[in-house]
There are 2 protein chains.
Amino acid sequence: MIRFYNANILMPDFSIKTGEVHTDGNKISYVGDPKQTDLNFETTVNLNGNLIMPAFKNAHTHSAMTFLRSYADDLPLQQWLFEKIFPMEAKLTPEDVYTLTKLAYAEYLTSGISACFDMYFYPESVSQAAIDTGFRTIMCGSVSGSDSKADIDSALSRLEKFYNTYKNFDKHGLVSYALGFHAEYTTSRPIMEGIAALAEQYKAPVSVHNSETAAEVAGCIERYGKTPTEIFCEIGIYKYGGAGFHCVHMTDNDLNLMKDRGCYVVTNPASNAKLASGIARLSDMSQMGVNLSIGTDGPSSNNALDFFREMYLACVLQKLLKNDAAAMPAEIILKAAFDGGAMGLNNANTIEAGNLADLTVIDLNQPNMQPQNAIVKNIVYSGSKQNIILTMINGKILYKDGEFMTLDTEKLYKEANGIIRRMANDNTNIQ
Amino acid sequence: MIRFYNANILMPDFSIKTGEVHTDGNKISYVGDPKQTDLNFETTVNLNGNLIMPAFKNAHTHSAMTFLRSYADDLPLQQWLFEKIFPMEAKLTPEDVYTLTKLAYAEYLTSGISACFDMYFYPESVSQAAIDTGFRTIMCGSVSGSDSKADIDSALSRLEKFYNTYKNFDKHGLVSYALGFHAEYTTSRPIMEGIAALAEQYKAPVSVHNSETAAEVAGCIERYGKTPTEIFCEIGIYKYGGAGFHCVHMTDNDLNLMKDRGCYVVTNPASNAKLASGIARLSDMSQMGVNLSIGTDGPSSNNALDFFREMYLACVLQKLLKNDAAAMPAEIILKAAFDGGAMGLNNANTIEAGNLADLTVIDLNQPNMQPQNAIVKNIVYSGSKQNIILTMINGKILYKDGEFMTLDTEKLYKEANGIIRRMANDNTNIQ
């Protein structure tokens, strides 16, 4: 049991309450006034008036792509992807993915992120990294392929195997798996139909890149006479919900389809800006009642895994898009940043007894948080990773005052640099 | 004399050199290979391989507006300005400005900023805050007014008095003053003509808000049949150079006029986004050879004083504007972020012997800086205030490992909150 006292607590209605938060095992056990207690706490933490709040949920990322951070910036999108990113990814080993995923976890912890919805390959490496770190990770299926029988069989059998291997959380409750695939433009109709059959069989949501670029939507319309969202819905991909990653180029009809199925739009504003993909219509989505979450996307495009950057962009790009400084109030974006629903994680969105103890602490005693005219606005419009002084996942403090409890970052930095050096010296694909 | 060793040094050509940086008084005295020396250093700092680079120059701000951080967000621009901001500013005392400016300095230091071009009132308060903190501040004239004789006389006499009082740096070389005024739309033609006469008399540059919003430009065209830049040039405002703050809505002709006069465009991307003013054409400006600097604008609009946010936005908004991921490479923006030329500060842009010792140190041993594929890209695309571990101004270390050497931040936070509480309880203007 852990006791946080002298806390300002961000309550579910975004009011601020002074008091205490206790955790027991992996859950929050008490939120309320300071109280005398004869409970035996293994740890007590004086928060000195700082703000305890839900941790951020990174609802779309490719964690292991840390190795390509700043590897190929300021290039045209297609050249970046096909000449720089894909050839390097082909050289990754399972051991690389383990190391590079842990490097991303270190960065998530510094940004107050407690969970990620991670689309990458080598799930056994990702799962091990998550368990060894104590980081909550919902892996998302990432299959793709042509309409050849070999591709169809491979994609569907791998997806179902991974799903059944990981879908029931590990004993720590940290790692799980959701049905998903890469995108319409990389996945044949027979594979998508097979995935829809898996969704039906398991009554499970499916998540996928959706309408990230204008070219992707145009290509889909050429192939099917429909948008990606329309073809997904026609095939049955979203029958049991799921998420669309990016969703930059969505029609009103697309958004209504998402809303009717309880699907999440996961926005990735930094990646969409840096790759010149466009600005998602978050204001419209919010007004239509579409579920919103936020993701960093992978560090090769973003390049940071920084939720303060994402939140700021998610707000201010709407103001530019709508030519209206009142568009997209900070509160809506902060709520989306806490929301794990896109990855099926619904019991860590608020600080309430019974919820998972996935928490972070904001240092209010920094110049950028002063004066305290409006703490929620301060977090979204003025906050920075500098303000994160503690991140707890599943009831365990994993990051505090710049120290990582479960990660040897010096070793990780060395290994990550070694991986990229090895690849640079290796001109053949080793996968 | 201070010795930084075990350093990675960001050289003027943006290569990285391993070695040492020494300072002597307020200047850099040595940059180069590690060397045995019998010099007596008062302080030696082991940088452990971290990156020493020029500090950022905040080329447009209203520092004391810290008190209105998060005071009135997500409102339409006019309502924000006239109902919320102006009435509160009218209640400021000189003592308030002293305190609130120091609060901004604390935030600048955490962001690696060594100097600001500060447009606000009560210059005696600002000057004292700068000297007491050791923060380099070029004050910029902020007069405005109608074409009444009283307004004209008041504006011109105040501006000339302040200019002559502060234009020759104080004995520490920290505080100076530049000619300037608020904006075309708040300043009558006779006042602008008087300022142009002062520019001629003193052979001095003049700096001013320029084309921040589309409405401002439309109004100017209605009044004069010319854009703000055109009318400034016609009157002689920019005859000896100067800066335009914001410059969001600039024609090609405007940019050519700026370029021909060696004027600086100071871009404020966060403020322009948050207030829905638009995206400045930085890519075009850069290609045309217009001088570029970066500013945070005041914390009431931004809301943070965070140069990592500004640099990221300055790059990625160009990619959105141009629909091209290759638009605006990081290097151009980092150079602009170091450039103090807009405020007449040209000897602190690079780490070179003889330049002012205005430096900052980036912690490379953080997950967001790893692996080190490209350090400059990492700084711009992945950096955060969390990476700033030291800021030196004028040869003095003012911020190190989260500690402020010349500021009592706890006292500042208390006073800043007291100021805003007093104002909230006071329904009359006290100025």
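Residues numbered from 1 in each chain as written. Chains lettered and ligands numbered in written order. Predicted model: local features only at pLDDT ≥ 70, side-chain atom pairs only at ≥ 80, totals over all residues. Heavy atoms only, no water.

Some words on the relation of the copies chain B and chain A
Selection criterion: To superpose the copies, least squares is applied to the C-alpha atoms of every residue with a pLDDT of at least 70 in both. We call two residues contacting when some pair of their heavy atoms lies within 4.5 Å.
Under the fitted operation, chain B is carried onto chain A by 0.0 Å of movement along the axis and a turn of 180 degrees, and the coordinates agree to an RMSD of 0.0 Å. Such a combination of rotation and displacement between the chain copies is what one expects of a two-fold axis. Relative to the rotation axis, the closest C-alpha in chain B is found at B:Gln386, a distance of 2.2 Å. Residue by residue, 100% of the interface of chain B is reproduced at the interface of chain A, so both copies engage with the same surface.

What about the packing of aromatic side chains?
Put simply, the test is: Centres within 6.5 Å make a pair out of two Phe, Tyr or Trp rings, where for Trp the six-membered ring is used; the pair is then stacked when the planes are under 30 degrees apart, edge-to-face when over 60, and tilted otherwise. Runs of E in the DSSP output that reach at least two residues are strands. Runs of H or I that reach at least four are helices, and both are numbered from the N terminus. Buried means the residue's accessible area, taken with a 1.4 Å probe over protein chains only, is under 20% of the maximum for its type, while exposed means over 50%, and partly exposed covers the values in between.
Inspection of every chain in the model, using the stated rule, returns 36 aromatic pairs over all chains. The interplanar angle of 85 degrees and the centroid separation of 5.7 Å between the aromatic rings of A:Phe232 and A:Tyr238 together place this pair among those described as edge-to-face. Ring centres of B:Phe56 and B:Phe308 lie 5.6 Å apart, and the angle between their planes is 90 degrees; this geometry places the pair in the edge-to-face category. Here B:Phe308 lies in helix α11 (residues 307–322) and B:Phe56 lies in strand β6 (residues 56–61), a separation of 252 residues in the sequence. Since its relative accessible area comes to 2%, B:Phe308 is described here as buried.

Regarding the domain arrangement of chain A
Residues and elements named next belong to chain A. Using the following cut-off: Start and end points for every domain follow an automatic or database-based domain assignment. Two parts placed together each lose some accessible area under a 1.4 Å probe, and the buried area is that loss summed for both. Here, a salt bridge means any Lys or Arg side-chain nitrogen found within 4 Å of an Asp or Glu carboxyl oxygen. What qualifies as a polar contact is a pair of N or O atoms within 3.5 Å, subject to a donor-acceptor requirement within protein and to the restriction that residues adjacent in sequence count only when both atoms come from side chains.
We note that the domain assignment places domain 1 (2–54 + 350–400) and domain 2 (61–343) within chain A. Spacing between the C-alpha centres of domain 1 and domain 2 amounts to 29 Å. In this assembly, 23 residues from domain 1 lie in contact with 27 residues from domain 2. A buried area of about 2200 Å², summed over both sides, lies between domain 1 and domain 2, and 69% of it is on carbon and sulfur atoms. Close ionic contact of Arg136 with Asp358 constitutes a salt bridge, the shortest N to O distance being 2.7 Å. Scanning the region where domain 1 abuts domain 2 turns up 6 residue pairs in polar contact (both at pLDDT 80 or more).

A closer look at the pattern of salt bridges
Going through the model one piece at a time under the given rule, you end up with 42 salt bridges over all chains. A:Lys400 is the partner of A:Asp401 in a salt bridge, and the nearest nitrogen-oxygen pair spans 3.4 Å. For A:Asp401, a relative accessible area of 53% corresponds to the exposed category. As a salt-bridge pair, B:Asp96 and B:Arg422 come within 2.6 Å of each other at their nearest N and O atoms. Of this pair, B:Asp96 sits in helix α2 (residues 94–110) while B:Arg422 sits in helix α14 (residues 409–424), and the two are 326 residues apart along the sequence. For B:Asp96, a relative accessible area of 4% translates into the label buried. Judged by its relative accessible area of 31%, B:Arg422 falls in the partly exposed class. Through salt bridges with shared partners, a single network forms among A:Asp74, B:Lys319, B:Glu331 and B:Lys377.

Structural notes on the packing of helix α11 (residues 307–322) of chain A against helix α12 (residues 330–338) of chain A
Residue and element names in this part refer to chain A. The condition is simple: In this description, a line fitted to the C-alpha atoms serves as the axis of each element, helices being fitted only across the stretch in contact, and the angle between N-to-C directions of two axes falls anywhere from 0 to 180 degrees. Roughly parallel means an angle under 35 degrees; roughly antiparallel, over 145; roughly perpendicular, 65 to 115; everything else is oblique. The hand of a helix crossing depends on one turn: near helix anticlockwise from the far one by less than a right angle means left-handed, and clockwise means right-handed.
Their axes nearest at 9 Å, the elements α11 and α12 cross at an angle of 140 degrees. Between α11 and α12, the interaxial angle falls into the category oblique. Note that α11 runs across α12; the crossing there is right-handed. Contacts between α11 and α12 involve Phe307, Met311, Ala314 and Cys315 on the former and, on the latter, Ala330, Ile333, Leu334 and Ala337.

A closer look at helix α5 (residues 189–202) of chain B
Residues and elements named next belong to chain B. The condition that has to hold: Here the expected span of a helix is defined as 1.5 Å times the quantity of residues minus one.
Compared with the 20 Å implied by 1.5 Å per residue over 14 residues, the 20 Å span of α5 between its first and last C-alpha is a close match. Looking at the buried positions of α5, the neighbouring elements they touch are α4 (149–166), β9 (175–183), β10 (206–210), α6 (214–224) and α7 (228–235). Positive phi shows up at Lys203, right after α5, with a value of about 50 degrees.

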